[in-house]
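# Residue-level structure breakdown
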Amino acid sequence: MPTQAPPTPTAALASVVEHGVLVPAVVHFDDLDALGLLHNARYPLMVERAWVTYWQERGFAFEGDWAAAGDACNAVKELRIGYERPVHRTGDYAVHLWLERLGRTGLTYGFRFCSADGSVTYAQGLRVLVRLDPDTMRPAPWSERFRAAGRALLAPAG
């Protein structure tokens, strides 16, 4: 199988990623399927890990207690993903994350699994989350602290 050159990081990320953030991701040998491609089920897992990293760095985390989890008490309502091109090597990549919509009890975020510098897209999609009340498991409002942190990730309207 031909080898792919490793992605080259660039200092000009702003020209590649105009909104949101790039979170580093690593593809390991055991992430590949029998054909040597990143298994399709690993893409959403890599995205989930990137979001967990992003929010934990901002003080939002689940540590085993749903009542104490606050905004981390949420559930996925919808997930859509499109695969653009195969990943056929291990190494450093990134997940580009942003918010499409930040509602009272839900949000829609966009994501791309991409090269480490954000210039090449391998997969992209949207995921809808709903904030839950830990006692009733019904929709509950996001905290103002979470909303403030989320506004920084909102994609420009248009």
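Whatever comes next refers back to the structure up there.
Attention here is on the structure that accompanies the text. No experiment lies behind these values; they were computed from the predicted model shown.

## What to know about the pairing of strand S3 (residues 91-102)
Extensive coverage of S3 is indicated by the burial of nine of its 12 residues. Sheet analysis places strand S1 (residues 21-27) next to S3, joined by seven bridges and oriented antiparallel. Bridging across to S3, Pro24 finds its partner in Ala94. For S3 and strand S4 (residues 106-115), the ladder comprises nine bridges, and the chain directions are antiparallel. Considered in S4, the bridge of Leu97 is made with Phe111. Hairpin remark: S3 followed by S4, antiparallel, with three residues in the connecting loop.

## With respect to the environment of Ile81
Along the chain, Ile81 falls in strand S2 (residues 74-83). Distance in space between the C-alpha atoms of Ile81 and Tyr43 is 8.7 Å, their sequence separation being 38 residues.

## Comments concerning the sheet that holds S1
Taken in spatial order, the five strands of this open sheet run S1-S3-S4-S5-S2, and their pairing is antiparallel. In this open sheet, the two strands that pair with only one neighbour each are S1 and S2. Strand-to-strand twist of the sheet, defined as the mean angle between neighbouring strand axes without regard to direction, takes the value 25°. One ladder, built from nine bridges, connects S4 with strand S5 (residues 121-131); its direction is antiparallel. Bridge pairing in S5 places Thr108 opposite Val128. Across the face of the sheet, helix H2 (residues 42-56) comes into contact with S1, S2, S3, S4 and S5 while running at roughly 70° to S3.

## Considering helix H4 (residues 144-151)
Residues of H4 that are buried: Phe146, Arg147, Ala149 and Gly150. With its buried residues spanning 165° around the axis, H4 presents them on a single face. Looking at the buried side of H4, the elements it contacts are H2, S3 and S4.

Conventions used here
- Residues numbered from 1 in each chain as written.
- Predicted model: local features only at pLDDT ≥ 70, side-chain atom pairs only at ≥ 80, totals over all residues.
- Heavy atoms only, no water.
- Buried < 20%, exposed > 50% of the residue type's maximum accessible area, 1.4 Å probe, protein only.
- Helix = DSSP H or I, 4+ residues; strand = E, 2+ residues; numbered from the N terminus.
- Pairing = 2+ DSSP bridges.
- Axes fitted to C-alpha atoms, helices over the stretch in contact; angles between N-to-C directions.
- Contact = heavy atoms within 4.5 Å.
- Arc of directions from axis to C-beta.

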